[in-house]
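What follows is the residue order along each chain.
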Amino acid sequence: MIRLHPFTGLALAVAAALLTLAADRWWLSLAVTTAAVGLAVLAGTAARLMLTAGAVLAPLWLSQLMVHALFDTAGSEVLVAGGPVRLTLEGLTTAGGLGLRAAAFVSVFLLYSLTVDRIELVRAIDAARVPAQLGYIVAATLALVPATVNRAKAIEQAQAVRGAGEGSGPAGWLRRKRLLAVPLVLSSIQEATERSVQLQLRGFAGGPGRTQLHPVPARSWEKPFGLLVLCLAAAAAVLLASQGGR
Amino acid sequence: MELEILDYRYPGHEAPALSGVRLTVPPASLTLVAGGSGSGKSTLAGIMAGYLPGRTGGQLAGSISLAGQTLKYDGGAQPHVVDLRQWVRHVAYVPQNARSYLSMVRSTVEEELAFGLENAGMPRAEMAARIQTIAGRFDLGRLLQRDPARLSGGQERLVAIAAAAVTDAGVLVLDEPLAGLDELAAARVAATVRGLRDTGTAVVILTSVLDTRFSDAGHTLLLENGQSAAEGMPAVRQGAEAAGVVVPGGPAPARGGTSSLSPERAARGATVVPAGGSPTEPESRGSAAVLCYRNVGFSYPQPERNVRRARLARGRRRDVSGGAERTAIAPLLDTINFAVHAGECVALTGPNGTGKTTLLKMALGLIAPDAGSVAVAGRDTAEASVGQLAKTAGLLFQNPADQLFERSVHHEVAFGPPGSRPDPAAVRQALDACGLAGLEDEHPYELPVSRRRLVALATVLARRPALLVLDEPTVSLDGHGRKLLGRILTAATAGGAAVLLSTHDKEFAGAHCRRVVELGRQYALPHEAAAPEGISAPDGTSFR
């Protein structure tokens, strides 16, 4: 697969999400979701994309089903009724449309986050002449999950060698996680405090004249292409939204 | 740089952390500030580095002169806050916890070295040239494309010092720069420090060990309880031991000797450690092996991501050489064979990054060997859970940050799930043995590093392990702490416990360990025949 500059990938993701959200066409949402899954298959991250998207979307879909479809009082075409439940075709259509839009949005950004090189993204942000702190916040946020996983592993090991690693099944798992929670938060705060002092002492809060040892390479066409895609998406979104309907 | 610290107090503390300390650091000089745990070294380093008092609420009375400017402090609650962006151009400071110096938002050691230079806006070509020079000086070529998060403790320190030195700041402040480094790396750091001094840098070294490698320091100061106790090498050497500073080559620590840390215990004259439980397997009793490594082999998996990055780096980086050839790695551990028996203390030595920590963690089942087997009390670690192994073995981690997680010293030492909590009497004994009486309610992270290390040791002792596995236990310990450790080892082995510890401190190993197992020198030492129980020792097990 072609390796894009992190900002080109971001422009494509934003354009797809913008178009889908603003246009509100079920077929477009479905097409964008399918394309995201197809690209994930090509990138070899389809399983992770589906699993993560499922974890994010399942509660979202359930809540939309409950809010818009299961207890709908306005719709005329009743499909199922009994007690407080009144499932209507209109409610189901609304929930389905919203669900598809959410699926497109989530899968597009998940695809981006699973395929972008975190370090290259940080370098690209650094080079974009934004404040260094913003770059660091993005880097630290992106590094948060692996850093927290490592930290949790270290604490779990420290606890396990003191006999806290025992117990199988959900009860044992729950007990270990309960023991882990407070130390994990406290040590993360401790580490962040210590590191923030050291970052300052390495001139991190420096002015705008920062340089880079290895700038992220970008092909000459990528910047105009990214801007063009964003403009086209915005224009198409406005056009589709003005036509209304689904 | 000139400092005159009449008085420095941390917020909420009545007693000053530093008082009456004067220090002049001329260009092209080497200054050694020695002191034990809690002597005020790190506070002095913080003031020199510019972040104390800053906005921490600390109160400083005195003055600091740097690069032609003088800041006067009146001891009030609203001190000057220095502009760190300007300050760091003149002063680079590597803290005792070298890991915290690394930004951890850079993917390779090479980029970590560039971090400070990038922030200073240095042109690429100059950056690359400087990194190449510093990498050569510190022999970091092999590490340049490694992930900084996956370095060994000694490598972390080496990279941090290199990252400070590469900035070319006029004043270089190094807190315990040789702690945890192998002999070669320590010699290299010492030589580089001298080289930097000779080219005009003012180097200040804060240490709890009067290392002979820095005996040519132009100025030496001994700190004790926040005050200047002696100046000049002869006077400092004389007062060092009483102040908790280790003097290598001094009189060998007497086994079971007294410590000046706790007068009460000194009066009693003997350290009591919680008695180790007997290994449960009959075959492990007596002189049989409590811990046994047989044909152990191990390689770290090469992360796919780093392989790809190394490949990318090869493709597009021609300005810094020597870093990107780590795609095919040799095994970290290969055919390791040795055993540790009840009642003996064995030292594991070897250069940084040769797998000492990996080998020690295998004893608790935290890392599984790729080949061969590890047995604790006759039980294969592959067939036991960490919790089951922890009933026999206790592990002191290399970095206390990986071991301490509770809110007070007492909670930390007494930690355990229901049914596996240490006995209160054993907790008391462990606290006393580690000189922590009276500090039970302190937060572990608010203690000086040496004490923090002793808290971690107490957590191990309180569980009465029959096997003590200690990863670099002397690192960060001052002289008092080392004496306590020595006494604990003596008492533990006398009580029948087996001890395996990793260290670069050959003097400590010589004084307290019966045998030394050296990694990284396979087939170098002809002592295989002396190995007990017919276990071959291709890694060079030697016997004293």
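Residues numbered from 1 in each chain as written. Chains lettered and ligands numbered in written order. Predicted model: local features only at pLDDT ≥ 70, side-chain atom pairs only at ≥ 80, totals over all residues. Heavy atoms only, no water.

Visitor: What is the right way to look at helix α7 (residues 233–240) of chain B in this model?
Guide: A turn of α-helix holds 3.6 residues, and therefore any two residues three or four places apart point the same way. Residues and elements named next belong to chain B. What α7 keeps buried is the set M233, V236 and A240. All buried residues of α7 fall inside an arc of 65 degrees around its axis, so they share one side. Turned more than 90 degrees away from the buried face of α7 sit P234 and Q238, all of them exposed. Where α7 is buried, its residues touch β3 (29–35), β9 (219–224) and β10 (227–231). (Buried < 20%, exposed > 50% of the residue type's maximum accessible area, 1.4 Å probe, protein only. Helix = DSSP H or I, 4+ residues; strand = E, 2+ residues; numbered from the N terminus. Arc of directions from axis to C-beta. Contact = heavy atoms within 4.5 Å.)

Visitor: Which parts of the structure should I look at to understand the side chain of S100 of chain B?
Guide: Position of S100 of chain B among the secondary structure elements: in the loop between β6 (91–94) and α3 (109–119). A polar atom in the side chain of S100 of chain B sits 2.9 Å from the backbone oxygen of N97 of chain B. Apart from residues lying up to four places away in sequence, S100 of chain B is in contact with E194, R195 and Q198 of chain A together with P95 of chain B. (Polar contact = N/O pair within 3.5 Å; in protein donor to acceptor, adjacent residues only side chain to side chain.)

Visitor: What should I look at first to understand the pairing of strand β5 (residues 69–74) of chain B in this one?
Guide: Two faces make up the sheet, and in a regular strand the side chains alternate between them. All names here are of chain B. Bridge analysis of strand β4 (residues 59–66) against β5 gives six bridges, and the strand direction is antiparallel. Pairing of A61 across the sheet is with D74, part of β5. The antiparallel pairing of β4 with β5 creates a hairpin that spans two residues between the two strands, and A67 there sits at a positive phi of about 50 degrees. (Pairing = 2+ DSSP bridges.)

Visitor: Explain the packing of aromatic side chains to me, please; I cannot follow it from the model alone.
Guide: Two aromatic rings are characterised by how far apart their centres lie and by the angle between their planes. All names here are of chain B. Applying the stated criterion across every chain, the model contains six aromatic pairs over all chains. Centroid distance F405 to F415: 4.9 Å. Interplanar angle 90 degrees. Geometry classified as edge-to-face. Taken together, the residues F405 in the loop between β16 (393–396) and α12 (409–413) and F415 in the loop between α12 and α13 (424–433) connect sequence positions 10 residues apart. Each member of the pair F405 and F415 is classed as buried. (Phe/Tyr/Trp six-rings, centres within 6.5 Å; stacked < 30°, edge-to-face > 60°.)

Visitor: Whenever I open this one, the interface of chain A and chain B confuses me. Can you help?
Guide: Many analyses report the size of an interface as the accessible area lost when the parts associate. With 47 residues of chain A at the contact, the number on the chain B side is 60 residues. Carbon and sulfur atoms supply 56% of the area that chain A and chain B bury against each other, a total of about 4,800 Å² over both sides. Per-residue buried area on chain A facing chain B is highest for R162, R202 and L213 of chain A; these three make up 21% of the total on that side. The interface formed by chain A and chain B holds three salt bridges in total. Within the residue set of the side of chain A that touches chain B, elements represented by two or more residues are α5 (118–127), α6 (132–164) and α7 (169–201) of chain A. At 14 residues, the largest contribution of residues to the side of chain A that touches chain B is made by α6 of chain A. Taken together, the residues of the side of chain A that touches chain B sort by class into 21 nonpolar, 13 polar and 13 charged. (Buried area = accessible area lost by both parts, 1.4 Å probe. Salt bridge = Lys/Arg side-chain N within 4 Å of Asp/Glu carboxyl O. Nonpolar A, V, L, I, M, F, W, Y, C, P; charged D, E, K, R; others polar.)

Keep in mind these values describe shape, not function.
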